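Below, each chain spelled out in residue letters.
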Amino acid sequence: MDIVETGGATVVALMATDAWQQARTGIVALWRRFRPAQADEVDLALDETRSEALAVMGSGNRQGEADLVRDWDRRLRRLLAADPSVAEQLQQLLDEVRGQLSEAERAAVRPVVFHTHVSGQGRVYNAGRDQHNHG
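Reference entry: report on the structure contained in this document.

Parameters and conventions
- Residues numbered from 1 in each chain as written.
- Predicted model: local features only at pLDDT ≥ 70, side-chain atom pairs only at ≥ 80, totals over all residues.
- Heavy atoms only, no water.
- Salt bridge = Lys/Arg side-chain N within 4 Å of Asp/Glu carboxyl O.
- Helix = DSSP H or I, 4+ residues; strand = E, 2+ residues; numbered from the N terminus.
- Buried < 20%, exposed > 50% of the residue type's maximum accessible area, 1.4 Å probe, protein only.
- Expected span 1.5 Å × (residues − 1).
- Contact = heavy atoms within 4.5 Å.

## Here we look at the pattern of salt bridges
Scanning the entire structure with this criterion turns up nine salt bridges. With a closest N to O distance of 3.3 Å, Arg62 and Glu65 form a salt bridge. Placement of both Arg62 and Glu65 in helix α4 (residues 62-82) is noted, with a separation of three residues, approximately one turn of the helix. For Asp71, the salt bridge is made with Arg74, and the minimal N-O distance between the two is 2.4 Å. Placement of both Asp71 and Arg74 in helix α4 is noted, with a separation of three residues, approximately one turn of the helix. Arg74 sits in the partly exposed class, given a relative accessible area of 41%. Among the charged side chains, a network of salt bridges with common partners joins Glu41, Asp71, Arg74 and Arg75.

## Notes on helix α2 (residues 20-34)
Taking 1.5 Å per residue, 15 residues should reach 21 Å; α2 reaches 21 Å between its end C-alpha atoms and fits that length. Buried within α2 are the following residues: Trp20, Ala23, Arg24, Gly26, Ile27, Val28, Leu30, Trp31 and Phe34. Residues of α2 that are buried in the fold lie against α1 (3-14), α3 (39-59), α4 and α5 (86-99).

As structure tokens, then:
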């Protein structure tokens, strides 16, 4: 899977693991290296997002979690746009951190990625978890 597609979901999922501090330190270091003017802002945002992530994950608020993932996807895309070589370094960092997780934590950090193609009058309903269609 491509880090551009899964980066935000992985970062948010890691927030609820024992390896979070290692991941956080590495993410801030990447910003300090490639976008130093934004590093302090990202450092603070990671702390704020972790608090939010723990709250929404604990309550089962999937929409709240999806909002956090979108936010970090956006941030990571901008970082990668600044220098595409960041992708390899970010992937290495996340792989290293995942390697430190327990089996249960590793399963929770696997992001869901959908690739859907529709043509004609077709309909597609994707869900990473429960889905309820009324109508």
